[in-house]
Amino acid sequence: MAHNATRKILLAVSGMSPQIVTETLYALVTREEQPWIPDEIHLLSTQEGCVRARNELLHESRDMFGKFCREYVPQGHVIKFDDSCLHAFHRDGEALNDIRDLGDSAVVADAIAAKVWALTQDENTEIHASIAGGRKSMGFLLGYAMSLYGRPQDRLSHVLVNDGFESSNDFYFKPRKSTIIHDRNGKPLDTAHAVISLAQIPILHLRGKLPKAMQKHPVSFAALVTALNASMNEPKSVFNPATQSLECHGVEVEMSPVNYAFYRYVAQKSQDEGLVDLMDMEEADFLAIKFYGRDRWYQEDHRQEAATQFADKQSLKAFINDRKNEIKNALDERLGLIGLQQYAIKTRRGKSYVEIDTIEIN
């Protein structure tokens, strides 16, 4: 079965220095070990930053992006980078011109996380994110978002430019032909002496530890961090019989009545006795689980059927395995891998147990 070609995407944040785009491109395209040429570029910035990027990189009178491509991008390879690739941060429907308060910072954090989430949904993409541009907080947030959503094929880097050229408004990349430009103080510089290097930054991959629900849909940056922080706490379960709900790490985990009753049984039993042989379950316990939340008329109508299921070891084993799998899926959906490791029903020497320090029943 043929796979789609990998689509390479350069993602960057910038402030008032759109040079970050062409400098990073230069470092990626010209590196000796394995040149990396993107298929498209996305830039996140304030409204003013996007205007600056448009004027310097895309406007025909400056066209610094076009000049770079004509010098360094192989003929026939087109990098998509136009107005649609410039993404301004918005708050309450209005584009941000600067990041001035905590509300602005929260908006920026959510926008960066949402963009990284969107770009990593397609398995046939490969993201290279640069944290070199914009305010330090923007680079930090992009790096953080890459840890939360990044996949094994994605990369993170910071581009470095030597003194003089780094602060020059005229320097966008090192042209093949030596050119004289000026630094911020008007001192002439020969581009032949420019050095642009790329510092790769290892990514701490946390994507698989996020709750499944947070992997399927973008959520606020604060909610992502809260979920991961909560999962680091000692495991504690609160059972609420009135609502037949289970609370883990303060997160409500929805379960069917039979799964709720089964999980509560295993949790209490393993806390009292350690390893539990569920195949040695008492019939009264099995029926209590099987009929949990059911009225007495239903119980009377199905009691013989349930007793037959309990007596048949294969049927009982299938019932137990179904409960374990459905509970595992419910926990994974709401808590993710870390929560799953703490709360899932585990097996050792053929017996079951859960590692919950504290169990409360409201």
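Residues numbered from 1 in each chain as written. Predicted model: local features only at pLDDT ≥ 70, side-chain atom pairs only at ≥ 80, totals over all residues. Heavy atoms only, no water.

**Looking at the sheet that holds strand 13 (residues 251-253)**
Taken in spatial order, the four strands make up an open sheet running 13-12-11-16, and their pairing is mixed. The open sheet terminates on both sides in strands that have one partner only, identified here as strand 13 and strand 16 (358-361). Ignoring strand direction, the axes of neighbouring strands in this sheet form an average angle of 25°. By the bridge criterion, four bridges tie strand 11 (residues 236-240) to strand 16 in an arrangement that is parallel. Directly across from lysine 236, in strand 16, lies its bridge partner threonine 358. (Pairing = 2+ DSSP bridges. Helix = DSSP H or I, 4+ residues; strand = E, 2+ residues; numbered from the N terminus. Axes fitted to C-alpha atoms, helices over the stretch in contact; angles between N-to-C directions.)

**Examining the state of the cysteines**
What is meant by a disulfide is a covalent connection between two cysteines, made through their sulfur atoms. Per the stated rule, a full pass over the model turns up zero disulfides. A disulfide-free cysteine, cysteine 50 has its sulfur positioned 11 Å from the sulfur of cysteine 85, the nearest such atom. Owing to a relative accessible area of 3%, cysteine 50 belongs among the buried residues under this scheme. (Disulfide = S-S within 2.5 Å. Buried < 20%, exposed > 50% of the residue type's maximum accessible area, 1.4 Å probe, protein only.)

**Comments concerning the packing of helix 1 (residues 19-29) against helix 3 (residues 64-72)**
Orientation of helix 1 relative to helix 3, taken along the N-to-C sense of each, is 10°, at an axis distance of 10 Å. Here helix 1 is positioned roughly parallel relative to helix 3, judged by the angle of their axes. The segment helix 1 lies against helix 3, with Thr22, Leu25, Tyr26 and Val29 engaging Met64, Phe65, Phe68 and Tyr72. For the contact of helix 1 with helix 3, the per-class residue count stands at seven nonpolar, one polar and no charged. (Parallel < 35°, antiparallel > 145°, perpendicular 65-115°, else oblique. Contact = heavy atoms within 4.5 Å. Nonpolar A, V, L, I, M, F, W, Y, C, P; charged D, E, K, R; others polar.)

**Some remarks on the packing of helix 9 (residues 283-290) against helix 10 (residues 296-311)**
The N-to-C vectors of helix 9 and helix 10 enclose an angle of 125°; their axes lie 10 Å apart at closest approach. In terms of orientation, helix 9 and helix 10 fall into the oblique class. In this structure, the crossing between helix 9 and helix 10 has a hand that is right-handed. Judged by residue contacts, Glu283, Phe286, Leu287 and Lys290 of helix 9 engage Arg303, Ala306, Ala307, Gln309 and Phe310 from helix 10. Of the residues assigned to the contact of helix 9 with helix 10, the class counts are five nonpolar, one polar and three charged. (Left-handed = near helix turned anticlockwise from the far one by under 90°.)

**Let's talk about the pairing of strand 6 (residues 125-130)**
Among the six residues in strand 6, five count as buried, and that is most of the element. In terms of strand pairing, strand 1 (residues 7-13) meets strand 6 through six bridges, oriented parallel. Bridging from a neighbouring strand, arginine 7 pairs with threonine 125 of strand 6. By the bridge criterion, three bridges tie strand 6 to strand 7 (residues 155-161) in an arrangement that is parallel. Note that in strand 7 the partner of serine 130 across the bridge is serine 157.

**Regarding the environment of proline 218**
For proline 218, the position within the fold is in the loop between helix 6 (212-216) and helix 7 (221-231). For the pair formed by proline 218 and valine 116, sequence separation is 102 residues and the distance between their alpha carbons is 9.4 Å.

**A closer look at helix 10**
Under the 1.5 Å per step criterion, the end-to-end length of helix 10 is 21 Å for 16 residues, consistent within 8% with the ideal 22 Å. Of all bends in helix 10, the biggest is about 55°, found at histidine 302. Where helix 10 begins, one side-chain oxygen reaches toward the backbone nitrogen of tryptophan 297, 3.1 Å away; that side chain belongs to aspartate 295. (Expected span 1.5 Å × (residues − 1). Bend = angle between axes of the 7 residues up to and from the residue. Polar contact = N/O pair within 3.5 Å; in protein donor to acceptor, adjacent residues only side chain to side chain.)

**Examining the nonpolar core**
Grouped together as the largest cluster of nonpolar side chains are 37 residues, with contacts concentrated most on Phe68 and Phe81. Taken together, the elements giving at least two residues each to this core come down to strand 1, helix 1, strand 2 (40-45), helix 2 (47-58), helix 3, strand 3 (86-88) and strand 7. Take this core: its biggest share by element is seven residues, from helix 1. (Core = buried A, V, L, I, M, F, W, Y, C linked by side-chain atoms within 4.5 Å.)

**Observations regarding the side chain of histidine 128**
Mapped onto the fold, histidine 128 is located in strand 6. When near neighbours in sequence (up to four residues on either side) are disregarded, histidine 128 contacts Ile9, Leu10, Leu11, Leu28, Trp36, Arg155, Ser157, Leu198 and Gln200.

**A few points about the sheet that holds strand 6**
With mixed pairing, six strands are arranged side by side in an open sheet as 3-2-1-6-7-10. A single partner strand is all that each edge strand has here, and the edge strands are strand 3 and strand 10 (196-200). Each neighbouring strand pair of the sheet contributes to a mean axis angle of 25°, computed without reference to strand direction. Sitting on the sheet, helix 1 touches strand 1, strand 2, strand 6, strand 7 and strand 10, and the angle it makes with strand 10 is about 80°.

**What to know about the pairing of strand 12 (residues 245-248)**
Every other side chain in a regular strand lies on the same face of the sheet, so the side chains alternate between the two faces. Bridge count between strand 11 and strand 12: four bridges; the pairing is antiparallel. Counterpart to valine 238 in the pairing with strand 12 is glutamate 247. The antiparallel pairing of strand 11 with strand 12 creates a hairpin that spans four residues between the two strands, and glutamine 244 there sits at a positive phi of about 50°. Hairpin connection from strand 12 to strand 13: two residues lie between these consecutive antiparallel strands, with histidine 249 at a positive phi of about 55°.

**Observations concerning the environment of serine 237**
Counting through the fold element by element, serine 237 comes out in strand 11. A sequence separation of 28 residues divides serine 237 from tyrosine 265, and the C-alpha atoms of the two residues are 13 Å apart. Setting aside residues up to four positions removed in sequence, serine 237 forms contacts with Leu246, Glu247, Cys248, Tyr263, Tyr343, Ile356, Thr358, Ile359 and Glu360.

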